[in-house]
Amino acid sequence: MKRLRALREAWRWRRKRQNRLLRALWKRGELRCLVDRTAAIGAGDVLVFCTLRNEALRLPFFLAHYRRLGATHFLFVDNDSDDGGRELLMQQPDASVWHTRGSYRASRFGMDWLQWLLIRHGHDRWCLTVDADELLLYPHHDTRPLPALTEWLDARAIPAMGALMLELYPKGPLDAQRYSAGQDPAEVLQWYDRANYTITRKSDIDALWIQGGPRSRVFLADRPRQGPTLTKVPLVRWNRRHVYLNSTHSMLPRGMNREIYDDQGGEKLSGVLLHTKFLPQVVEKSTEEKSRRQHFGDPGIYDAYYDALIQAPDLWCAASTRYTGWRQLEGEGIMSRGEWA
Amino acid sequence: MSAELGFVMLVHDGLHRTAQVARYLAESGSPVVIHADARTPATDFRQLQTALADLPDVRFCRRIACEWGTWSLVVAMRHAARLMLDSFPQVRHVHALSGVCLPLRPVSHLAAFLARNPDTDFIESVSVADVNWTKGGLSAERFTLYFPFAYKRQRWLFDRAVTLQRALHIRRDMPEGLAPHIGSQWWTLTRRTLGAILDEPAAPQIDRFFKRAWIPDESYFQTMARVHSRQIESRSLTLGKFDHQGKPHVFYDDHLQLLRRSDCFMARKVWSGADRLYAHFLSDRPDAPAVDTEPQPSRIDRHFARATQQRVRGRAGLYMVSRFPVRNRENGKTAEPYSVFQGFTEMFRDFEEWLSAVSAARVHGHLFAPHKVEFAGREKVFAGGLSDSASLRDYNPRAFLTNLLWATRGERQCFQFGPADTQGRNYDLLSFMASDPNAQISVISGAWAVPLYRSGQRAEQLRAEAARLQRIETAMLGVLRSPAAHARIRIWTMAEFLENPSDPMHSIFDEIAPHQQARLIQMPELVDMQGFGAFLQDLRNQGMQPVLMGDFPLGVTDPAPGHRIK
């Protein structure tokens, strides 16, 4: 009986995965290719996939950061930016750019579009899927570029690396800071919460569900269930059969989620996505986001959250930790080097 | 002296590094023979040949297609070794290296070392009966079973074939006179031993046997050396470490100091992108150790042993994105020892203040109080970003506790607990603490009645609340007394405790602050208990039966206040 149920469950997830793949095929019609430099992609290249809208301010550092890590090609889906970001991307010699006017929300927050590009260009390659406000760090990233990491993972047949999305914030009101394009966001957003995260194991897809951080602490103290999901699976040896289930928090087939963590006490290798959402521009952007209502999940419940952001709150507290680099994050257990010493 | 040391290199990709290493070795005066995998692209190979064309003592041997873990690697090695011995008669020792090996010391150092040990074969060679490092369960069976399938490409068939042969009790016999040994492929053999192995008279029979063994490149030379060598030193001169899966650790630029201080001759495996390592070790180093320095790999051993520990056991009390142990696999449920007090703030005046004054611990109030987290100093946000909001805490009380203990590593945490506090579903929180050897839980049962008594309200108003708290505490005591409890648990009834409060206080305190002179410390002051016995009787008169306090006389007498512990 139990086995039968497990089989039915497996079949259900399989159907779900196939539906997602079909959806991606269907949604590719919304994409218009502006610059296609994918012919330049080489065999061992690590690719960066990103959907964005009006992120011109963040892009210079974003590109510099991932190039420094050793990413060799960027695949961007521009959701109709009007801040000059699209033109900036089209000039990059290592970027291919697609444009769409489609609804971000209706394409599952851009995932359907990226899913198609992942199928088309990511198969059997190491793919990094991130938002424009996410900067990946992993242990030793300053001396071991991405190819070193992916070779190491390949040698051990590890198909993915997980990461905690770590929210960085400034000291003082959000809009009292100054950030200019090209600057390292961590110079402005110097602080983080080091130990207020809760973890639940979602038994249906075998994924961890991590919540907490400053957003829960400040905005959602009375409804912690709605706290942001901080689990991420950004780096994957992609297969055209894979799909991201919701944003990049979890994947199908379900076994992929199990690759991220050890449940026998050991630590697997993991990274961190520095979330640079709280740059000063977030205050005005929140006004726009609130009216566009394109957010993940039920948009209505985010109204209070956006209202709070528009007030430019101070997320800092005496218990905040100043960010000093990956060794600190590794020491604090925010990420782990596992056996990659 | 370097000319008496020859190098055979087995390479298949990253040939630009091969060119660098071969040039370095050859320019030091040593002959080099390179075997390049026949499957290496022809253009890459030609480039390698061109790059080394100016070096007369670099030779290329016949190329065969190599597959991991198969006989082809032994054949390749034999071709290379044969060419070495035939072309360079002055060579007295042959050192085998791969395309990812990097010399850490000048070749003359290794040559001098070998000149000091002219008849010794340095080859790790361990009897299969005694090895404990083989991963995947195959050691002796490497030689007694057949392996028709490739491990890396046909894993499923490989595994099935092994299972089937085990079931059928299939067994091959070892050729007469051979004792199977295994070890690292990266050996250093004398001309005499290597020559004898290559000229082995029983070769066809032995070859047939090893062709069918699994990973013969780790056993052929290791076994044959046992037959022909006069003096074996069973260790590899190449530094290489293996992880818990048996995969080789890789060296990167950030290992430079570690490798430099190891004083080893050769390291494997080095990442092909490690520019700094190649640049540093393949140049004339002013910082090279003295020529007769012995290799000291122990520091590197410790470095990687720590890493394996982190991968396999993890850090106690850490729950994070890549470590989420199932129950009882935590290797330490919490990060640090901590103390839980139940009933103490009720019995003593200013117990928190007293405890934080006399110990170095951080003393909180009721962390799990129903409406607010009572952090020490009643902070709004505590270490790590923990909020005093009850709803955030109650969303996952266990994570709240593990977070707190993780965030305050290095400082002992003490907090108050009781039946009026959040318990989590099914006493989840207390079950967790009770099963945690880091927890020191001290309970004065029934003490919850003291605040009720002191509230001044009448017994009939308090009856329901008293019954509720007693019911909860009874369940809590059940959890604490269960066989799954591994915490340091002490339980007294109020009556027992009051008989002589200093004894229990003394032993608790000794555990919290073992180096303090507990006996010299002033005891905290007990609250006024006049009339408590009568209050209990009132509750009884209301139909409630308070039992957890123990036998309380109607007119209780306080022990003398202000006396010293013991």
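As a reminder, the structure under discussion sits directly above these lines.
The rules behind each value
Residues numbered from 1 in each chain as written. Chains lettered and ligands numbered in written order. Predicted model: local features only at pLDDT ≥ 70, side-chain atom pairs only at ≥ 80, totals over all residues. Heavy atoms only, no water. Phe/Tyr/Trp six-rings, centres within 6.5 Å; stacked < 30°, edge-to-face > 60°. Buried < 20%, exposed > 50% of the residue type's maximum accessible area, 1.4 Å probe, protein only. Lys NZ or Arg CZ within 6 Å of the ring centre and 35° of its normal. Helix = DSSP H or I, 4+ residues; strand = E, 2+ residues; numbered from the N terminus. Polar contact = N/O pair within 3.5 Å; in protein donor to acceptor, adjacent residues only side chain to side chain. Pairing = 2+ DSSP bridges. Axes fitted to C-alpha atoms, helices over the stretch in contact; angles between N-to-C directions. Contact = heavy atoms within 4.5 Å. Parallel < 35°, antiparallel > 145°, perpendicular 65-115°, else oblique. Left-handed = near helix turned anticlockwise from the far one by under 90°. Core = buried A, V, L, I, M, F, W, Y, C linked by side-chain atoms within 4.5 Å. Domains from an automatic or database assignment.

A. Representation of the packing of aromatic side chains in the model. Scanning the entire structure with this criterion turns up 45 aromatic pairs over all chains. Ring geometry for Phe348 of chain B versus Phe351 of chain B: centroids 6.1 Å apart, planes at 25°, classification stacked. The exposure class of Phe348 of chain B is buried, given its relative accessible area of 1%. An aromatic cluster is present here, built from Phe341, Phe344, Phe348, Phe351, Trp354, Trp492, Phe497 and Phe509 of chain B joined pairwise through their rings. Above the ring of Tyr261 of chain A, the side-chain terminus of Arg258 of chain A is found at 4.6 Å from the ring centroid. Above the ring of Trp406 of chain B, the side-chain terminus of Arg409 of chain B is found at 3.8 Å from the ring centroid.

B. Structural view of the side chain of Thr150 of chain A. Residue and element names in this part refer to chain A. The topology assignment puts Thr150 in helix α5 (residues 146-155). On the basis of relative accessibility, which here comes to 5%, the residue Thr150 falls in the buried class. Here Pro147 takes part through its backbone oxygen, which lies 3.2 Å from a polar atom of the side chain of Thr150.

C. Molecular detail of the sheet that holds strand β14 (residues 362-366) of chain B. Residue and element names in this part refer to chain B. Reading across the sheet, the 5 strands line up as β14-β17-β13-β18-β19 and stay open at both edges, with parallel pairing between neighbours. Two strands close off the open sheet at either side, each with one partner strand: β14 and β19 (488-493). Recorded for the sheet is a direction-independent mean angle of 15° between the axes of neighbouring strands. In this structure, strand β13 (residues 338-342) lies alongside strand β17 (residues 413-417), joined through 5 bridges in parallel fashion. Each residue of the ladder has a partner; that of Ser339, found in β17, is Cys414. Set on the sheet, helix α14 (residues 351-358) makes contact with β13, β14 and β17; between it and β14 the angle comes to about 165°. In the packing of helix α16 (residues 397-407) onto the sheet, the strands contacted are β13, β14 and β17, and the crossing angle to β17 comes to about 155°.

D. Quick look at the packing of helix α9 (residues 282-292) of chain A against helix α10 (residues 303-310) of chain A. Residues and elements named next belong to chain A. One can describe the packing of α9 onto α10 by two numbers: an axis separation of 8 Å at closest approach and a directional angle of 150°. Taken together, the axis directions place α9 and α10 in an arrangement best described as roughly antiparallel. When you trace α9 past α10, the crossing you get is left-handed. In contact with Val282, Val283, Ser286, Thr287, Glu289 and Lys290 of α9, α10 contributes Asp303, Tyr306, Asp307, Leu309 and Ile310.

E. Broad picture of the nonpolar core. Ranked by size, the top nonpolar core spans 238 residues in total, and within it Tyr66 of chain A together with Met347 and Phe532 of chain B carry the most contacts. Here this core gets 9 residues from one element, more than from any other, and that element is helix α19 (residues 459-480) of chain B. Two domains each provide a minimum of three residues to this core, namely domain 1 (2-312) and domain 2 (338-541) of chain B. With near-sequence residues (within four places) excluded, Met347 of chain B lies in contact with Ile444, Ala447, Val450, Met494, Phe497, Leu498, Glu525, Leu526, Val527 and Met529 of chain B. Counting residues in hydrophobic clusters, the runner-up holds 41 residues, among them Val33, Trp71, Val91 and Val126 of chain B.

F. Up close: the environment of Gln211 of chain A. Among the secondary structure elements, Gln211 of chain A is positioned in strand β10 (residues 207-212). Classification of Gln211 of chain A as buried rests on a relative accessible area of 1%. Spatially, the C-alpha atom of Gln211 of chain A lies 8.3 Å from that of Arg225 of chain A, the residues being 14 residues apart in sequence. Leave out the neighbours within four places in its chain, and Gln211 of chain A touches Asn196, Tyr197, Thr198, Pro224, Arg225, Gln226, Gly227, Pro228 and Leu230 of chain A together with Tyr395 of chain B. Here the side chain of Gln211 of chain A touches Gly227 of chain A through a polar contact of 2.9 Å, landing on its backbone oxygen. A distance of 2.5 Å separates a polar atom in the side chain of Gln211 of chain A from a polar atom in the side chain of Tyr395 of chain B.

G. Layout of unusual backbone geometry. The residue after Leu252 of chain A, namely Pro253 of chain A, is reached through a cis peptide bond having omega -5°. Backbone geometry places His169 of chain B, a non-glycine residue, at a positive phi of 55°. In this fold, His169 of chain B is placed in the loop between α6 (155-167) and β8 (181-182). Positioned with a positive phi, Ile215 of chain B is a non-glycine residue whose angle comes to about 55°. Along the chain, Ile215 of chain B falls in the loop between α8 (203-211) and α9 (220-228).

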